[in-house]
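# Notes for the structure review
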Amino acid sequence: MAASSSASSSSALSRLSNIQNHLNPIDSLAKNLVKISPEVSEALSHGHAVVALESTIISHGMPYPQNFETAKEVEAIVRNNGAVPATIAILEGLPCVGLSTEELERLAKLGSKAQKTARRDIAHVFWSALHGACKSGLCLQEHVATRGNGATTVSATMFFASMVGIPVFVTGGIGGVHRHGEHTMDISSDLTELGRTPVAVVSAGIKSILDIPRTLEYLETHGVCVAAYKTNEFPAFFTETSGSKVPCCVDSPADCARLIDVNMKLKLGSGIVIGVPIPREHAASGRVIESAIQSALREAREKNITGNAETPFLLARVNELTGGLSLASNIALVKNNALIGAKISVALAQLRQQESN
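Structure report, in brief. Owing to the predicted nature of the structure, the values given are computational and were not obtained by experimental measurement. The written sequence of each chain sets the order in which its residues are numbered from 1. In keeping with the predicted nature of the model, local features appear solely for residues at pLDDT of at least 70, side-chain atom pairs appear and are counted solely at 80 or more, and the whole-chain, interface and lining totals rest on all residues. The basis for every side-chain value is the complete set of heavy atoms in the structure, and neither hydrogens nor water enter the calculation.

### Focus on the packing of helix H5 (residues 66-80) against helix H16 (residues 325-356)
The angle between the axes and the distance between the axes are what describe a pair of packed helices. With axes taken as lines fitted to C-alpha atoms, and helix axes fitted only over the stretch in contact, angles between N-to-C directions fall between 0 and 180 degrees. Note on conventions: DSSP H or I runs of at least 4 residues are helices, E runs of at least 2 residues are strands, and numbering of each starts at the N terminus. At a minimum axis distance of 8 Å, the contact between H5 and H16 shows a crossing angle of 25°. Taken together, H5 and H16 sit at an angle that is classed as roughly parallel. The crossing of H5 and H16 is right-handed. Contacts between H5 and H16 involve Gln66, Thr70, Glu73, Val74, Ile77 and Val78 from the former and Leu327, Ile331, Val334, Lys335, Ala338, Leu339 and Ala342 from the latter. For this classification, Asp, Glu, Lys and Arg are treated as charged, while Ala, Val, Leu, Ile, Met, Phe, Trp, Tyr, Cys and Pro are nonpolar and the rest, including Gly, are polar. A class-by-class count of the residues in the contact of H5 with H16 yields nine nonpolar, two polar and two charged. Working rule for angles: under 35 degrees goes down as roughly parallel, over 145 as roughly antiparallel, 65 to 115 as roughly perpendicular, anything else as oblique. For a crossing to be left-handed, the near helix must be turned anticlockwise from the far one by less than a right angle; the clockwise case is right-handed. Note on definitions: a residue-residue contact is assigned when non-hydrogen atoms from the two residues lie within 4.5 Å.

Here it is, written out as structure tokens:
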């Protein structure tokens, strides 16, 4: 009898939590500071599947119009698999969750003129607009037209996704500890964000221009659950394997959904990395890529290219050295991640709906 009462109480609490999330997925502060597209807002209010997408890959990942076409194709994949895409960016000083086709194209045309925006840059790109609006007595929307545009990285996208209640985020690959990072201390803010923001990041693993074993060690230190999809080895972005084993293997979108759901219910406060290997038919030769990476790293050191300028330089140089092979692989893996991420988001929405009934 006691067990039955306890189970009933737990079920009631779960239903109440789900109802609160569906009715009020974002707090009043977020409503005032973030522009959420009608499509995304409606999906969140009804507990439907939503997938967050970053915008740096659009502005800094490839040239126009290829970046624009790829962005539209990725969003279409998410929609065709039952979820609503929510590309995140800062446009004219206003954080936007869910972009229109026109906004996507504007960002694509801006390219690298849009500031690459990690968590540390959000205040610089955005908050000055709010401060200026308050001082001048203008509403935020009237004032921000003169402000900057920011393309969000993994860390900033996670921040805004969590703010509005989107638990699943799809990207190409996450940042990490740079090679020779033990000397330079060059470590991506993606990793610290994963340690403090409860969003599941679906990616093709850690970019192979980075130090994968040290990155996984760093994630462990920050209490981040690292899982691999249908394998026990963490993927290496351009290639299916990295030689590094993972502690958690998930075999289906439903498995991923349950993992995310438990992480949220326990309020662990950290994110989850779900590494999805690039499809075998698109995997580049590891030896060719590794040779290009080593050459690009030497050039970066010789030219003293560091910080957030290093990764775009390395990816572009590797693409040149491989004759476009790496960029084609990059696009293929992003699309595959969008497919898997959408299915995970749908499975999570269904799981939560079942629990609330």
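Now that the structure has been shown, we can carry on.
### As for the side chain of aspartate 211
Take aspartate 211: it is sitting in the loop between strand E8 (200-203) and helix H12 (212-221). A 1.4 Å probe rolled over the protein chains alone gives each residue an accessible area, and that area as a share of the maximum for its type sets the label: buried under 20%, exposed over 50%, partly exposed in between. Residue aspartate 211 is classed as buried on the basis of its relative accessible area, which comes to 13%. Polar contact criterion, stated in full: a pair of N or O atoms within 3.5 Å, where within protein one must be able to donate a hydrogen and the other to accept it, and residues adjacent in sequence count only if both atoms are side-chain atoms. Here arginine 214 takes part through its side chain, which lies 2.8 Å from a polar atom of the side chain of aspartate 211. In this view, aspartate 211 contacts Val177, His178 and Arg179; residues no more than four positions away in its chain are not counted.

### Concerning helix H13 (residues 253-265)
For H13, which comprises 13 residues, the first-to-last C-alpha distance of 18 Å matches the rise-based estimate of 18 Å (1.5 Å per residue) to within 8%. At the C-terminal side of H13, lysine 267 shows a positive phi close to 55°. Here the expected length of a helix is defined as 1.5 Å per residue gap, with one fewer gap than residues.

### Digging into the nonpolar core
Of all hydrophobic cores here, the largest spans 87 residues; its most connected members are Val40, Val97, Ile166, Leu219 and Ile274. The leading source of residues in this core is H16, at nine residues. Apart from residues no more than four positions distant in its own chain, valine 97 is found in contact with Val34, Lys35, Ile36, Ser37, Val40, Ala86, Thr87, Ile88, Val164 and Ile166. Nonpolar core, defined: a set of buried Ala, Val, Leu, Ile, Met, Phe, Trp, Tyr and Cys residues in which side-chain atoms within 4.5 Å join the residues together.

### Overview of helix H9 (residues 154-164)
Within H9, eight of the eleven residues are buried, which leaves the element mostly enclosed by the surrounding structure. Two residues or fewer after H9 comes glycine 165, characterised by a positive phi angle close to 90°.

### Comments concerning the pairing of strand E9 (residues 225-229)
E9 sits mainly inside the fold: four of its five residues count as buried. Pairing geometry for E9 and strand E11 (residues 272-275), over four bridges, is parallel. Considered in E11, the bridge of cysteine 225 is made with isoleucine 272. Relative to strand E10 (residues 248-250), E9 runs parallel, the two sharing three bridges. Directly across from alanine 227, in E10, lies its bridge partner cysteine 248. Strands are treated as partners if at least two bridges between them are detected by DSSP.

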